[in-house]
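# Structure at a glance
Chain by chain, the residues:
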Amino acid sequence: MNYAGRKVLVTGAGGFIGSHLTEALVREGASVTAMVRYNSSGDRGMLAQLAPEMRAEIKIVSGTVDDSDFVMSAVAGHDIVFHLAALIAIPYSYLAPRSYVRTNVEGTLNVLEAARRLGTSRVVHTSTSEVYGTALRTPIDEDHPLQGQSPYSASKIGADKIAESYHRSFGVPVTTVRPFNTYGPRQSNRAFIPTIISQALSRDTIMLGALDPERDMTFVTDTAAGFLRAGLAEGVEGETCNLGCGETHSIGWFAERILALMGVDKPIRVDSARIRPAASEVKKLISDNSRAKARLGWEPTTSLDDGLNATIDYLRENIESYRSDEYGV
Ligand SMILES: C[C@H]1O[C@H](OP(=O)(O)OP(=O)(O)OC[C@H]2O[C@@H](n3cnc4c(=O)[nH]c(N)nc43)[C@H](O)[C@@H]2O)[C@@H](O)[C@@H](O)C1=O
């Protein structure tokens, strides 16, 4: 891949996947502008954890995708836009659905409208496996029906459809990547894998919600590699590609596996407050990634045990910054 000399904007660069993508783009020689949500304390999100020499290579702009004028000024002067900024927590979308529509649907509209007016040569839009809802058939390919099982999922379906329409109506060169669940260093405790590891490091008992949902987990550097390919692949405008491994396990299975890799033996208990409404919970996800292989030349390369061990090592070193009250559902 040749990103040398490319002017690239990453929205949501302070987030988990965004920070890894930003780092990978710098390594590939791109000139990267990282757009992070404005924060009066000067917080750069996960970018703060990058090495100082890496941070020095990144231009940071602070603002929100909700603000169309700001987005227009941020997109100007860039060849490729990776659009990752979004509200992502499913349980919080039950509490504040309108904010998900504003950020995820209108925010995406703002990015696409800016790309349309400015003639940006490629937009990579971030979807999610949540748009499929509980698998009606497996493995899940890109033609699987879309089911809005949570306001979060519905907002991402809306965003995907806006992206599709901007390609069809105005020829905006947008490629949509649809990551299945992603894990690895720098992920917040909101997600289940850091929740399990940080509890194993700091508590006597592992407290989780539903243990039976199944997830297809991709290590974050593999997910970022899929984005890199989508930014440069030829002839993929208007297409959507799953980024997943094609292997699924239950949450309970992951908890047992992580405890075994950590060499600890602690009981796993169910906390009913962490269980999502039954009709909203996505019970099974497993990806068919053949389109990403064929169209993007992408394939995940990190084994599950290697990825889990890297995540465990990261959390062992950073457990102090993972506050115990942050366990998410
Ligand atoms: C691809 C997709 O990935 C993420 O969505 P998610 O799949 O909901 O991820 P999660 O790690 O929150 O939950 C995975 C599963 O694990 C179950 N679970 C059990 N016990 C706990 C628990 O204690 N905490 C959490 N968080 N989950 C738990 C939970 O009920 C669910 O079945 C988002 O980033 C989203 O933005 C996105 O796009």
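Up top is the structure these notes are about.
Residues numbered from 1 in each chain as written. Predicted model: local features only at pLDDT ≥ 70, side-chain atom pairs only at ≥ 80, totals over all residues. Heavy atoms only, no water.

## Considering the overall build of the protein
When helices and strands are counted, the protein shows 11 helices and 13 strands. Relative to a compact globule of 329 residues, whose C-alpha radius of gyration would be 20 Å, the protein shows 19 Å and is just as compact. The C-alpha extent of the protein, read off along each of the three principal axes, is 55 × 45 × 35 Å. When burial is assessed residue by residue, the protein has 53% of its 329 residues classed as buried. Here the contacts in the protein between residues at least 6 apart in sequence split such that 82% fall between residues at least 24 apart. Surface summary for the protein: the accessible area is close to 13900 Å², and the carbon and sulfur share equals 48%. Averaging the positions of the 34 positive and the 39 negative side-chain charges in the protein gives two centres separated by 4 Å. (Helix = DSSP H or I, 4+ residues; strand = E, 2+ residues; numbered from the N terminus. Rg over C-alpha atoms; globule rule 2.2 N^0.38 Å. Buried < 20%, exposed > 50% of the residue type's maximum accessible area, 1.4 Å probe, protein only. Contact = heavy atoms within 4.5 Å. Areas by Shrake-Rupley, 256 points an atom, 1.4 Å probe, with all protein chains shown as cover. Lys, Arg positive; Asp, Glu negative; His and termini not counted. Charge placed at Lys NZ, Arg CZ, Asp CG, Glu CD.)

## Some words on the side chain of serine 280
Position of serine 280 relative to the elements: it lies in the loop between strand 13 (268-270) and helix 10 (290-296). Given a relative accessible area of 10%, serine 280 falls into the buried group. Side-chain polar atoms of serine 280 contact the backbone oxygen of glutamine 149, separated by 2.7 Å. Serine 280 has contacts with Tyr94, Gln149 and Ser150, leaving out every residue within four places of it along the chain. (Polar contact = N/O pair within 3.5 Å; in protein donor to acceptor, adjacent residues only side chain to side chain.)

## Quick look at the packing of aromatic side chains
Counted by the stated rule, this structure contains eight aromatic pairs. Ring plane angle 65° and centroid distance 5.5 Å describe the contact between phenylalanine 192 and phenylalanine 254, whose orientation is recorded as edge-to-face. Of the two residues, phenylalanine 192 sits in helix 7 (residues 192-202) while phenylalanine 254 sits in helix 9 (residues 251-262), which places them 62 residues apart along the sequence. Accessibility assignment for this pair places phenylalanine 192 and phenylalanine 254 in one class, buried. Aromatic pair tryptophan 253 and phenylalanine 254: ring centres 5.3 Å apart, planes at 85°, arrangement edge-to-face. Judged by relative accessible area, which is 33%, tryptophan 253 ranks as partly exposed. Taken together, the ring pairs connect Tyr92, Tyr100 and Tyr152 into an aromatic cluster. Over the face of the ring belonging to phenylalanine 170 we find arginine 116, whose NZ or CZ atom lies 3.7 Å from the ring centre. (Phe/Tyr/Trp six-rings, centres within 6.5 Å; stacked < 30°, edge-to-face > 60°. Lys NZ or Arg CZ within 6 Å of the ring centre and 35° of its normal.)

## A few points about the site of the ligand
The full set close to the ligand counts 22 residues, and Thr128, Tyr152, Arg190, Arg276 and Glu281 are the nearest of them. The separation between an oxygen atom of the ligand and a polar side-chain atom of tyrosine 152 is 2.7 Å. Residue arginine 190 places a main-chain N or O atom 2.6 Å away from a nitrogen atom belonging to the ligand. In isolation the ligand has 690 Å² of accessible area, and contact with the protein removes 94% of it. Across the shell around the ligand, the residue classes break down as 10 nonpolar, six polar and six charged. (Near = heavy atom within 4 Å. Nonpolar A, V, L, I, M, F, W, Y, C, P; charged D, E, K, R; others polar.)

## Remarks on the sheet that holds strand 5 (residues 122-126)
Each strand in a sheet pairs with another by means of backbone hydrogen bonds, the pair being arranged parallel or else antiparallel. Taken in spatial order, the seven strands of this open sheet run 3-2-1-4-5-6-11, and their pairing is parallel. Each of the sheet's edge strands pairs with one partner strand only, and the pair in question is strand 3 (59-62) and strand 11 (240-243). Within the sheet, the average angular offset between the axes of one strand and its neighbour, ignoring direction, is 20°. Taken together, the four bridges between strand 1 (residues 7-11) and strand 4 (residues 80-83) define a ladder with parallel strand orientation. Bridge pairing in strand 4 places leucine 9 opposite valine 81. Lying over the sheet, helix 3 (residues 68-75) contacts strand 1, strand 2 (31-36), strand 3 and strand 4, oriented at roughly 170° with respect to strand 2. (Pairing = 2+ DSSP bridges. Axes fitted to C-alpha atoms, helices over the stretch in contact; angles between N-to-C directions.)

## Some points on the nonpolar core
Counting 35 residues, the largest nonpolar core has Val10, Leu21, Leu25, Phe82, Phe227 and Leu296 as the members making the most contacts within it. Where this core is concerned, the elements lending two or more residues are strand 1, helix 1 (16-27), strand 2, strand 4, helix 8 (220-232), strand 11 and helix 10. Per-element accounting of this core gives the leading share, six residues, to helix 1. Residues within four places of valine 10 in sequence aside, it is in contact with Gly18, Leu21, Thr22, Leu25, Val32, Thr33, Ala34, Met35, Phe82 and Leu84. Membership of the second largest hydrophobic core comes to 23 residues, among which are Ile193, Ile206, Met217 and Tyr314. (Core = buried A, V, L, I, M, F, W, Y, C linked by side-chain atoms within 4.5 Å.)

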